[in-house]
Structure formats: C-alpha cells, structure tokens
Amino acid sequence: MSISSHSAAPTLETERLVLRMHGIADFTESLALWRDPEVTRFLGGRPFTREEIWGRLVRYVGHWALMGFGYWAVEEKATGRFLGEVGFADFKRNIEPSFDGMPEVGWMIAPHAHGRGYATEAVRAAIAWGDAHFEGPRTVCIVAPENRSSIRVAEKCGYRELLRTTYKDNPMIMFARDNPKA
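Residues numbered from 1 in each chain as written. Predicted model: local features only at pLDDT ≥ 70, side-chain atom pairs only at ≥ 80, totals over all residues. Heavy atoms only, no water.

Okay, a nonpolar patch on the surface next. A cluster of nonpolar side chains, contributed by Ile-24, Trp-54 and Val-58, occupies part of the molecular surface with about 320 Å² of accessible area. With respect to the helices, strands and loops of the structure, Val-58 is situated in helix 3 (residues 50–67). Judged by its relative accessible area of 45%, Val-58 is partly exposed. (Patch = residues over 30% accessible without salt bridge, like charges linked within 9 Å, V, L, I, M, F, W, Y side chains within 5 Å. Areas by Shrake-Rupley, 256 points an atom, 1.4 Å probe, with all protein chains shown as cover. Salt bridge = Lys/Arg side-chain N within 4 Å of Asp/Glu carboxyl O. Helix = DSSP H or I, 4+ residues; strand = E, 2+ residues; numbered from the N terminus. Buried < 20%, exposed > 50% of the residue type's maximum accessible area, 1.4 Å probe, protein only.)

Here it is as structure tokens:
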C-alpha cells in the first residue's frame, strides 16, 4: 500500500463524471446524502448525525494528507451536481480476518442518481487510479449481503467474494480484487 503522501486528491474525469477533492462546501451535500435513510439502510440502518458526517468529511481529506489516497466527491460533469462519494481508505476496521494494509474501496451514490451506472463508472475510475498507484497485491471492499446493487457494482469492477464475516455484529461479504501490476 506504500505510496507517498499528498495534500490534495487528483481530479479524475470519466465520460460523465468528475471525481475531485472534497471541500467545506461539500458538507451540505454530504449531510443530505448520509442522512437519507435509503443511503444508510445497509450501513447500520440509521441516518448519520451532523457530527458523524463532519468527521467523515474531515477523514476523507485527512486520508489524502496522511496516506496519499482517499475519497473523492463525485459530480455529474454536465451539470456539476453532487452525486456522491467514492474512494479508498484505511479505516483500521476491527474485522476478522483483518485487511490492514490493503486499501478498502467504497462508494455511495445519492438516490436521485441510482440506476444510471454512476457508481460503476466512479468505482472503475477510482480503481484505475489505484492500479497505477498502489504497490500492494490487492484492494478489498465489504458489502452487506442484502445490498444487491453494491454487490453488482463490486462484481462489475472485478471484485470477487473472498469470504463472509461480520462487522459491528452485521453480516458482511468481503470482496477482493487483485492489482494487475502486483
């Protein structure tokens, strides 16, 4: 996972999306995203508090400063509308088996943008960046077994089920994707 630290996320562009560094101006949009019960139903089942969302935003920026990777804000290229968040993190999760040292990819797209392929497009852009920058042999993600949409995104992006586990007393599927250059 060794890469050099940076203070800012690179901007990535796809056909329809811009993935860019989060800023303070994204707090309102992130707040709306993470307070939506449809967004959080597979992530503990309750909307996040304002304080939790602020901590999430600071953590995104902090990952870039300390780790040289992190999350991007995702916006629609044509309109500039905030669509969600995607990226890599090292959350130091208390999960067995541990995947410490392997970047964990994650994504969340706002309900107004579901069903348009934005999550797959954003995750593919993030993992292409990761393939060029990570030295480790693989990246991982965890998905709730009932979250069929995210399972499809993971599989379309080359992730394969590694095992079933629990995280914070909730069942999870751990997926892994081998780095093609490792």
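Now that the structure is up, let's keep going.
The subject of this paragraph is the pattern of salt bridges. Within the structure shown, the criterion is met by 10 salt bridges. In this structure, Glu-104 and Arg-93 form a salt bridge, with 2.8 Å as the shortest nitrogen-oxygen distance. You can see Glu-104 sitting in strand 5 (residues 104–109) and its partner Arg-93 sitting in the loop between strand 4 (82–89) and strand 5, a full 11 residues away along the chain. The exposure class of Glu-104 is buried, given its relative accessible area of 5%. One salt bridge in this structure joins Arg-177 and Asp-131, with 2.8 Å as the shortest N-O distance. Separated by 46 residues along the polypeptide, Arg-177 in strand 8 (residues 170–178) and Asp-131 in helix 4 (residues 118–133) bring together distant segments of the chain. The two residues Arg-177 and Asp-131 agree in class, both being buried.

Residues three or four positions apart in an α-helix share a direction because the helix packs 3.6 residues into each turn. When helix 5 (residues 148–156) is considered as a whole, its buried residues turn out to be Ser-150, Ile-151, Val-153 and Ala-154. All buried residues of helix 5 lie within an arc of 160 degrees about the axis, which places them on one face of the element. Buried residues in helix 5 make contact with strand 5, helix 4, strand 6 (138–143) and strand 8. (Arc of directions from axis to C-beta. Contact = heavy atoms within 4.5 Å.)

This part covers the packing of helix 1 (residues 27–35) against helix 3. Interhelical geometry of helix 1 versus helix 3 gives an angle of 120 degrees and a closest axis separation of 10 Å. The orientation of helix 1 with respect to helix 3, classified from their angle, is oblique. For the pair helix 1 and helix 3, the crossing hand works out as right-handed. The residues of helix 3 that touch helix 1, namely those facing Phe-27, Ser-30, Leu-31, Trp-34 and Arg-35, are Arg-50, Ile-53, Trp-54, Arg-56, Leu-57 and Tyr-60. (Axes fitted to C-alpha atoms, helices over the stretch in contact; angles between N-to-C directions. Parallel < 35°, antiparallel > 145°, perpendicular 65-115°, else oblique. Left-handed = near helix turned anticlockwise from the far one by under 90°.)

The next subject is a positive patch on the surface. Taken together, the side chains of Arg-124, Arg-148, Arg-152 and Lys-156 make up a positively charged region of the molecular surface. With three residues, helix 5 is the single largest residue contributor to the positive patch. (Lys, Arg positive; Asp, Glu negative; His and termini not counted. Charge placed at Lys NZ, Arg CZ, Asp CG, Glu CD.)

What follows concerns unusual backbone geometry. Of note, the amide linkage connecting Glu-96 to Pro-97 takes the cis form, showing an omega dihedral of -5 degrees. Summarising the element assignment, Pro-97 is placed in the loop between strand 4 and strand 5. The backbone phi angle of Asp-169 is positive, close to 65 degrees, even though this residue is not glycine. Mapped onto the fold, Asp-169 is located in the loop between strand 7 (160–167) and strand 8.

With that settled, the discussion passes to the side chain of Glu-85. Counting through the fold element by element, Glu-85 comes out in strand 4. We note that Glu-85 is buried and unpaired, the nearest opposite charge coming from Arg-56 at a distance of 5.4 Å. At 3.2 Å, the side chain of Glu-85 forms a polar contact with the side chain of His-22. (Polar contact = N/O pair within 3.5 Å; in protein donor to acceptor, adjacent residues only side chain to side chain.)

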